[in-house]
2 protein chains.
Amino acid sequence: MSSISVENYLKNIYELEASEKKVTTNIIADKLKIAPASVTDMVKKLSSKGFLRHVPYKGVEVTEKGKRSALKIIRKHRLWEMFLVEVLHFSWDKIDDEAEAFEHIMSERMEQKIDEVLGHPVVDPHGDPIPSKKGIIRHIEYDPLTKVEEGTVVQVVRVNDAHPELLEYISKIGLFLKTKMTVLQRIKFDNSFIVKIGSKKQFLSQRMAESIFVQRV
Amino acid sequence: MSSISVENYLKNIYELEASEKKVTTNIIADKLKIAPASVTDMVKKLSSKGFLRHVPYKGVEVTEKGKRSALKIIRKHRLWEMFLVEVLHFSWDKIDDEAEAFEHIMSERMEQKIDEVLGHPVVDPHGDPIPSKKGIIRHIEYDPLTKVEEGTVVQVVRVNDAHPELLEYISKIGLFLKTKMTVLQRIKFDNSFIVKIGSKKQFLSQRMAESIFVQRV
DNA sequence: ACATTAATTTAGGTAAGCCTAAATTAATCA
DNA sequence: TGATTAATTTAGGCTTACCTAAATTAATGT
Ligand SMILES: [Mn+2]
Ligand SMILES: [Mn+2]
Ligand SMILES: [Mn+2]
Ligand SMILES: [Mn+2]
């Protein structure tokens with residue numbers, strides 16, 4: 001089987017492909033907090049094993065084989081996040097570290113038990129899709145709050161989970177996954193928002209609004 | 001923090017002290033499935049860090065510091081075993097591997113959540129005591145079934161968890177932790193036993209009976 | 001086209017945790 | 001007591017996954 005290190009490389013490179021046009025050595029080094037020279041080493045190793053395609057000085061791509069591995073790890077990560085929230089009552093801003101480690105030691109049997117106990121969930125606590133056992137993932141492109149017109153009633157369907165501080169803040173104002181809210185005002189000066197959650201008006205900066213994805217109801 | 005390897009050495013050496021008069025390099029090597037020469041290396045390292053006391057060519061002992069570490073790991077191991085059985089519906093003969101890995105990546109926060117969800121259990125699924133958060137462990141010496149006279153009604157309070165095959169077999173005949181049974185007959189020829197579990201008579205060899213601990217009811 | 005600069009790779013190391021083979025020590029028994 | 005044997009330690013290596021510093025390459029701007 002693959003080491004923890006290898007699994008983290010594959011998962012992160014796969015995820016970077018969604019946000020970067022070219023996945024470069026430096027971008028990987030940055031994400032994994034590892035020196036660029038070390039990334040080059042590992043990238044060469046993973047290429048020779050058929051998990052990546054690497055054009056020196058150009059960038060890196062995951063192969064089909066690499067993608068399959070990445071999706072297995074992502075499935076475990078997201079199932080475990082769900083489990084932490086639903087069964088162990090963790091709050092959604094304090095689960096990433098735990099899941100980051102657990103994704104690597106979760107056996108097939110464990111994965112299945114957790115999936116059963118949770119009733120086969122299709123999204124994690126931040127609204128990210130959970131790949132199926134066969135490695136199929138359904139990407140849905142939701143609109144960020146910034147795309148929504150004043151007066152619209154929306155439901156939160158996904159929140160960028162990269163910054164726990166954002167999750168912590170929006171929890172405090174009552175904004176969770178599935179929360180419904182009305183967009184009261186977009187402030188033209190800086191593209192920030194006033195929304196109504198329950199009976200209260202709440203403020204969301206542009207940066208926040210960009211990380212909150214919604215559907216009109 | 002300590003590595004997985006270090007944690008496994010400490011836990012296993014601590015546990016070996018209960019069953020061996022002297023814990024020697026070879027005994028440790030055998031238990032951990034590591035070459036004796038490697039054990040010597042690690043033992044020297046752990047001694048220099050104050051976790052063990054080592055008299056070359058003689059044997060090894062855990063210090064108070066080493067014992068504290070060992071008990072933390074054992075607590076995590078046993079809590080997680082309990083969780084696997086109670087919440088994830090694993091059977092008691094298929095949990096040791098999972099717990100063996102998880103004991104090392106379980107954070108304090110996780111330990112606490114699990115302890116809460118389980119309602120602060122004091123024994124694991126095999127009847128072994130769970131050390132308290134402060135590292136206090138209550139050893140109770142129960143009688144093995146081999147010490148019980150014919151005709152006695154007993155309750156199972158602990159089963160040696162070292163051999164999954166034993167656990168698997170006794171589950172099949174309806175013998176679990178807390179099961180009550182009547183000792184019908186001790187066969188003098190080989191010290192095996194006939195017991196009554198529910199309405200059925202069941203056979204237990206001497207080796208089995210030695211691993212099943214009971215209390216008279 | 002060509003020099004500068006930024007990204008990337010190469011070269012040379014380190015630490016942890018393992019290994020095998022050889023040397024040493026302690027225990028046993030003739 | 002001295003020789004044999006079994007356990008243990010020492011010596012020397014290997015692999016993984018990192019690191020820093022130096023060399024190389026590609027991209028950019030004049
Ligand atoms: Mn990870
Ligand atoms: Mn998530
Ligand atoms: Mn372990
Ligand atoms: Mn147990």
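Residues numbered from 1 in each chain as written. Chains lettered and ligands numbered in written order. Predicted model: local features only at pLDDT ≥ 70, side-chain atom pairs only at ≥ 80, totals over all residues. Heavy atoms only, no water.

For chain A, per-residue confidence averages 96 on the pLDDT scale, and 100% of positions sit at 70 or higher. Ranking the helices and strands of chain A by mean pLDDT puts helix 2 (residues 25-32) of chain A first, with 98, and helix 5 (residues 96-102) of chain A last, with 93. (pLDDT = per-residue confidence, 0-100. Helix = DSSP H or I, 4+ residues; strand = E, 2+ residues; numbered from the N terminus.)

This part covers the protein's contact with DNA strand D. The immediate surroundings of DNA strand D are formed by 22 residues, with Ser3, Ser5, Ser38 and Lys45 of chain A together with His54 of chain B found nearest. Here a phosphate oxygen of DNA strand D sits 2.8 Å away from a polar atom, N or O, in the side chain of His54 of chain B. If you list the elements that add at least two residues to the surface near DNA strand D, you get helix 1 (4-19) and helix 3 (36-48) of chain A together with helix 2 (25-32) and helix 3 (36-48) of chain B. Ranked by residues supplied to the surface near DNA strand D, first place goes to helix 3 of chain A with five residues. (Near = heavy atom within 4 Å. Polar contact = N/O pair within 3.5 Å; in protein donor to acceptor, adjacent residues only side chain to side chain.)

Quick look at the coordination of the manganese ion (ligand 1) now. Residue and element names in this part refer to chain A. Protein coordination at the manganese ion (ligand 1) comes from Asn8 (OD1), Glu100 (O), Glu100 (OE), Glu103 (OE) and His104 (NE2), with a distance range of 2.0 to 2.4 Å. Each donor residue of the manganese ion (ligand 1) lies on one chain, and together they are spaced N-x91-E-x2-E-H. Highlighted residues: Asn8 in helix 1 and Glu103 in the loop between helix 5 and helix 6 (108-118), separated in sequence by 95 residues. By relative accessible area, which is 1% here, Glu103 ends up buried. (Donors = N, O, S within 2.8 Å, 3.2 Å for Na, K, Ca; no water. Buried < 20%, exposed > 50% of the residue type's maximum accessible area, 1.4 Å probe, protein only.)

What follows concerns the packing of helix 1 of chain A against helix 4 (residues 64-86) of chain A. Residue and element names in this part refer to chain A. Running from N to C, helix 1 and helix 4 cross one another at 95 degrees; their axes reach a closest spacing of 8 Å. In this view, helix 1 runs roughly perpendicular relative to helix 4, as classed from their interaxial angle. Where helix 1 approaches helix 4, its residues Glu7, Leu10, Lys11, Tyr14 and Glu15 are matched on the opposing element by Lys67, Ser69, Ala70, Leu71, Ile73, Ile74, His77 and Arg78. Partitioning the contact of helix 1 with helix 4 into residue classes produces six nonpolar, two polar and five charged. (Axes fitted to C-alpha atoms, helices over the stretch in contact; angles between N-to-C directions. Parallel < 35°, antiparallel > 145°, perpendicular 65-115°, else oblique. Contact = heavy atoms within 4.5 Å. Nonpolar A, V, L, I, M, F, W, Y, C, P; charged D, E, K, R; others polar.)

Around DNA strand C, the structure places 22 residues, and the nearest of them are Lys44 of chain A together with Ser3, Ser5, Ser38 and Lys45 of chain B. A share of 80% is what sugar and phosphate atoms reach among the atoms of DNA strand C within 4 Å of the protein. Here Thr40 of chain A contributes a side-chain N or O atom positioned 2.8 Å from a phosphate oxygen of DNA strand C. The contact in question runs from a phosphate oxygen of DNA strand C to an N or O atom on the backbone of Tyr57 of chain A, over 3.2 Å. Put simply, the parts of the chain that give the surface near DNA strand C at least two residues each are helix 2 and helix 3 of chain A together with helix 1 (4-19) and helix 3 of chain B. Looking at the surface near DNA strand C, the element that brings in the most residues is helix 3 of chain B, giving five residues.

With 18 residues of chain B in contact, the opposing surface of chain A contributes 18 residues. There are zero salt bridges connecting chain B and chain A. Elements supplying a minimum of two residues to the side of chain B that touches chain A: helix 4 (64-86), helix 5 (96-102) and helix 6 (108-118) of chain B. The element contributing the most residues to the side of chain B that touches chain A is helix 6 of chain B, with five residues. Taken together, the residues of the side of chain B that touches chain A sort by class into 12 nonpolar, two polar and four charged. (Salt bridge = Lys/Arg side-chain N within 4 Å of Asp/Glu carboxyl O.)

A few words now on the pairing of strand 2 (residues 59-62) of chain A. Residues and elements named next belong to chain A. Sheet topology places strand 1 (residues 52-55) next to strand 2; four bridges connect them, and they run antiparallel. If you follow Arg53 over to strand 2, its bridge partner there is Glu61. Two successive antiparallel strands, strand 1 and strand 2, enclose a turn made up of three residues, where Tyr57 displays a positive phi of approximately 70 degrees. (Pairing = 2+ DSSP bridges.)

Turning our attention to unusual backbone geometry. Even without being a glycine, His120 of chain A presents a positive backbone phi close to 55 degrees. With respect to the helices and strands, the residue His120 of chain A is situated in the loop between helix 6 and strand 3 (143-144).

Centre-to-centre distance and the angle between the planes together describe a pair of aromatic rings. By the definition in use, this model includes 11 aromatic pairs over all chains. Summarising the aromatic geometry, the rings of Trp80 of chain A and Trp80 of chain B are spaced 6.2 Å apart at their centres and angled 80 degrees between planes, so their arrangement reads as edge-to-face. With Trp80 of chain A in helix 4 and Trp80 of chain B in helix 4, this pair bridges two chains. On the accessibility criterion, Trp80 of chain A (0% relative accessible area) is buried. Taken together through their ring pairs, the aromatic side chains of Trp80, Phe83 and Phe102 of chain A together with Trp80, Phe83 and Phe102 of chain B make up a single cluster. Over the aromatic face of Phe90 of chain A sits the side chain of Lys113 of chain B, whose NZ or CZ is 5.3 Å from the ring centroid. (Phe/Tyr/Trp six-rings, centres within 6.5 Å; stacked < 30°, edge-to-face > 60°. Lys NZ or Arg CZ within 6 Å of the ring centre and 35° of its normal.)

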